[in-house]
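If you want the building blocks of each chain, they are given just below.
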Amino acid sequence: MTGASSLTPRGSSNAWRKLRTQWQPLIEAGAIQCWRCQGQRGPLDPNNWHLGHIRDRNHGGTDAETRPEHPSCNLEHANDAKTPDRPTPSRVWFTEGLQ
């Protein structure tokens, strides 16, 4: 885990900032579109974009599996990736302790 001393004031690690720095020139040139909506919401704003996980870390994804996206696209799908897969509780489990 990243130590607090290696975080920027916004809470990003230096490695995360490096990833964003690598994408920035491509976004400024208009060569990259939002991976999630495929540009349907317009071009990425070079001053306001998110680096979103393709597959959340909770589901085995890594920071290497990230792509630029609109903030709205990232936040709209944030809960999709954050909720771990859980089995449906059985009736027996639900009624345990109620007897």
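Up top is the structure.
Residues numbered from 1 in each chain as written. Predicted model: local features only at pLDDT ≥ 70, side-chain atom pairs only at ≥ 80, totals over all residues. Heavy atoms only, no water.

1. What to know about the overall build of the protein chain
Next, step 1: Broken down by element type, the protein chain carries four helices and two strands.
Next, step 2: Each helix and strand of the protein chain, ordered N terminal to C terminal, gives the series α-β-β-α-α-α.
Next, step 3: Each of the 99 residues in the protein chain was classed as buried or not, and the buried ones make up 24%.
Next, step 4: Taking all contacts inside the protein chain whose residues are at least 6 apart in sequence as the whole, residues at least 24 apart take part in 48%.
Next, step 5: Just so you have it, the protein chain exposes about 7,500 Å², and 51% of that area is on carbon and sulfur atoms. (Helix = DSSP H or I, 4+ residues; strand = E, 2+ residues; numbered from the N terminus. Buried < 20%, exposed > 50% of the residue type's maximum accessible area, 1.4 Å probe, protein only. Contact = heavy atoms within 4.5 Å. Areas by Shrake-Rupley, 256 points an atom, 1.4 Å probe, with all protein chains shown as cover.)

2. Here's the deal with the side chain of E69
Next, step 1: Structurally, the position occupied by E69 is in strand β2 (residues 66-69).
Next, step 2: In this structure E69 comes out as buried when scored by relative accessible area, which is 0%.
Next, step 3: A distance of 3.0 Å separates polar atoms of two side chains, one belonging to E69 and the other to W35.
Next, step 4: In contact with E69, not counting residues within four places along its chain, are C34, W35, R36, L44, W49, H50, G52 and N74. (Polar contact = N/O pair within 3.5 Å; in protein donor to acceptor, adjacent residues only side chain to side chain.)

3. A short note on the pattern of salt bridges
Side chains that carry opposite charge are capable of pairing whenever their charged atoms lie near each other.
Next, step 1: According to the stated counting rule, one finds three salt bridges in the structure shown.
Next, step 2: With a shortest N-O distance of 3.0 Å, R36 and E69 are connected by a salt bridge. Here the residue R36 occupies a position in the loop between α1 (14-28) and β1 (50-53), and E69 occupies one in strand β2, the gap between them amounting to 33 residues.
Next, step 3: Using a relative accessible area of 27% as the deciding quantity, one classes R36 as partly exposed. (Salt bridge = Lys/Arg side-chain N within 4 Å of Asp/Glu carboxyl O.)

4. So, unusual backbone geometry
Next, step 1: Residues other than glycine seldom take positive phi values, yet Q38 does so here, at roughly 60 degrees.
Next, step 2: Position of Q38 among the secondary structure elements: in the loop between α1 and β1.
Next, step 3: With a relative accessible area of 47%, Q38 lands in the partly exposed category.

5. Some remarks on the side chain of S13
Next, step 1: Looking at the element boundaries, S13 is found in the segment before α1.
Next, step 2: Note on S13: relative accessible area 16%, which makes it buried.
Next, step 3: For S13, the side chain forms a polar contact with the main-chain nitrogen of W16, separated by 3.1 Å.

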